[in-house]
Amino acid sequence: IVTDVDGTLMDSKHQLPAANKEALRRCLAAGVPVVLATGKHRGPWVSSLISQVFGEASGRDAGALQPLSDWTLNAPGVFVQGLLVCNAAGQVVFRNTLPDDVVRLCLDVASRRGWTVLAYTDGDRVLSNRADPQTERLRPLQEPAVEVAAIGGAAV
């Protein structure tokens, strides 16, 4: 099974509805691979999802239901619109980052136009050239906290 996260697996409050939780537990107990595929970066939302799925398991299922990593349920994960892929053990097996010259060009254009830049890095970080109301919009999505920092070649 491959599933999106926001508005599909989890609701608008980033909670796992009871029916989805039960379906996930049944799939995991049966050994059905469940791939998380999302535009989101790996961040606090993954821990929240894992605790909602595995944290309340009890009885016979408690021993059988364990996540394979901090970033996956029991199968690979696809993040940042497919730019970052990890195996079932949570190790990055594919990443597609922007070349440094493209990053510099984007930063130059943004600087001249007064735009805010968000850079999703290959190190599970989100960097920005400044904090503003736009960067705060990521907070409720449980993405990694936006850091105001120099943006270089590590942008995804």
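Residues numbered from 1 in each chain as written. Predicted model: local features only at pLDDT ≥ 70, side-chain atom pairs only at ≥ 80, totals over all residues. Heavy atoms only, no water.

Asks: Help me out: how do you make sense of the pairing of strand β5 (residues 92-95) in this one?
Replies: Each regular strand displays side chains that alternate between the two surfaces of the sheet. In terms of strand pairing, strand β4 (residues 84-86) meets β5 through three bridges, oriented antiparallel. Bridging from a neighbouring strand, Leu-84 pairs with Arg-95 of β5. If you look at the hairpin formed by β4 and β5, you'll find five residues sitting between the two strands, and Gly-90 has a positive phi there, around 85 degrees. (Pairing = 2+ DSSP bridges. Helix = DSSP H or I, 4+ residues; strand = E, 2+ residues; numbered from the N terminus.)

Asks: Honestly, the environment of Met-10 in this entry has me stumped. Any pointers?
Replies: Checked against the element boundaries, Met-10 lands in the loop between β1 (2-3) and α1 (18-29). In sequence terms Met-10 and Asn-20 are 10 residues apart; their C-alpha atoms lie 8.0 Å from each other. Filtering out sequence-adjacent residues up to four positions away, Met-10 remains in contact with Val-5, Gln-15, Leu-16, Pro-17, Ser-48, Leu-49 and Gln-52. (Contact = heavy atoms within 4.5 Å.)

Asks: Where do I start with the nonpolar core in this structure?
Replies: Nonpolar side chains in soluble globular proteins tend to end up buried together. In this structure, Leu-49 and Leu-73 are the most contacted members of the largest nonpolar core, which totals 24 residues. Mapped onto this core, the elements with two or more residues apiece are α1, α2 (44-54) and β4. If near-sequence neighbours (up to four positions away) are discounted, Leu-49 is found in contact with Leu-9, Met-10, Leu-16 and Leu-36. Listed in part, the six residues of the second largest apolar core include Val-103, Ala-110, Val-117 and Ala-119. (Core = buried A, V, L, I, M, F, W, Y, C linked by side-chain atoms within 4.5 Å. Buried < 20%, exposed > 50% of the residue type's maximum accessible area, 1.4 Å probe, protein only.)

Asks: Just to check I follow, could you spell out unusual backbone geometry for this structure?
Replies: A negative phi angle characterises most non-glycine residues, just as the trans form characterises most peptide bonds. If you check the backbone angles, His-14 has positive phi at about 60 degrees while not being a glycine. Inspection of the secondary structure assignment puts His-14 in the loop between β1 and α1. In the Ramachandran plot, Gln-81 falls in the positive-phi region, its phi being about 60 degrees despite a non-glycine side chain. Mapped onto the elements, Gln-81 comes out in the loop between β3 (77-79) and β4.

Asks: In this structure, what is going on with the sheet that holds strand β6 (residues 118-120)? I would like to understand it.
Replies: A sheet is described by the order of its strands in space; here three strands give the open sequence β6-β7-β8, paired in mixed fashion. Where the open sheet ends on each side, the last strands, each with one partner, are β6 and β8 (146-148). Taken over all neighbouring pairs, the strand axes of this sheet differ in orientation by 30 degrees on average, direction set aside. For strand β7 (residues 126-128) and β8, the ladder comprises three bridges, and the chain directions are parallel. In the sheet register, Ser-128 faces β8, and the bridge partner there is Val-148. (Axes fitted to C-alpha atoms, helices over the stretch in contact; angles between N-to-C directions.)

Asks: Is there a simple way to think about the side chain of Thr-135 in this case?
Replies: Relative to the helices and strands, Thr-135 is located in helix α5 (residues 133-136). The exposure class of Thr-135 is buried, given its relative accessible area of 5%. At 2.8 Å, the side chain of Thr-135 and the backbone oxygen of Asp-132 are in polar contact. For Thr-135, the residues in contact, after removing those within four places along its chain, are Thr-116, Leu-118, Ser-128, Arg-130 and Val-146. (Polar contact = N/O pair within 3.5 Å; in protein donor to acceptor, adjacent residues only side chain to side chain.)

Asks: What is the right way to read the packing of aromatic side chains from this model?
Replies: The description of an aromatic ring pair rests on the distance of the ring centres and on the angle between the ring planes. Under the definition given, this model contains one aromatic pair. Arranged with centres 6.2 Å apart and planes meeting at 55 degrees, the rings of Trp-45 and Phe-79 form a pair that is tilted. You can see Trp-45 sitting in helix α2 and its partner Phe-79 sitting in strand β3, a full 34 residues away along the chain. Judged by its relative accessible area of 1%, Trp-45 is buried. Classification of Phe-79 by relative accessible area gives buried; the value is 0%. (Phe/Tyr/Trp six-rings, centres within 6.5 Å; stacked < 30°, edge-to-face > 60°.)

Asks: What's the story with the pattern of salt bridges in this structure? I'm lost.
Replies: Pairing is possible between side chains that carry opposite charge, provided their charged atoms lie close to one another. Counted under the stated rule, the structure contains six salt bridges. Across the pair Arg-125 and Glu-147 runs a salt bridge whose closest N-O atoms are separated by 2.7 Å. Pair noted here: Arg-125 is in the loop between β6 and β7 and Glu-147 is in strand β8, with a separation of 22 residues, a long-range link. Exposure remark for Arg-125: the relative accessible area of 37% places this residue in the partly exposed category. Assessed through its relative accessible area of 30%, Glu-147 is described here as partly exposed. (Salt bridge = Lys/Arg side-chain N within 4 Å of Asp/Glu carboxyl O.)

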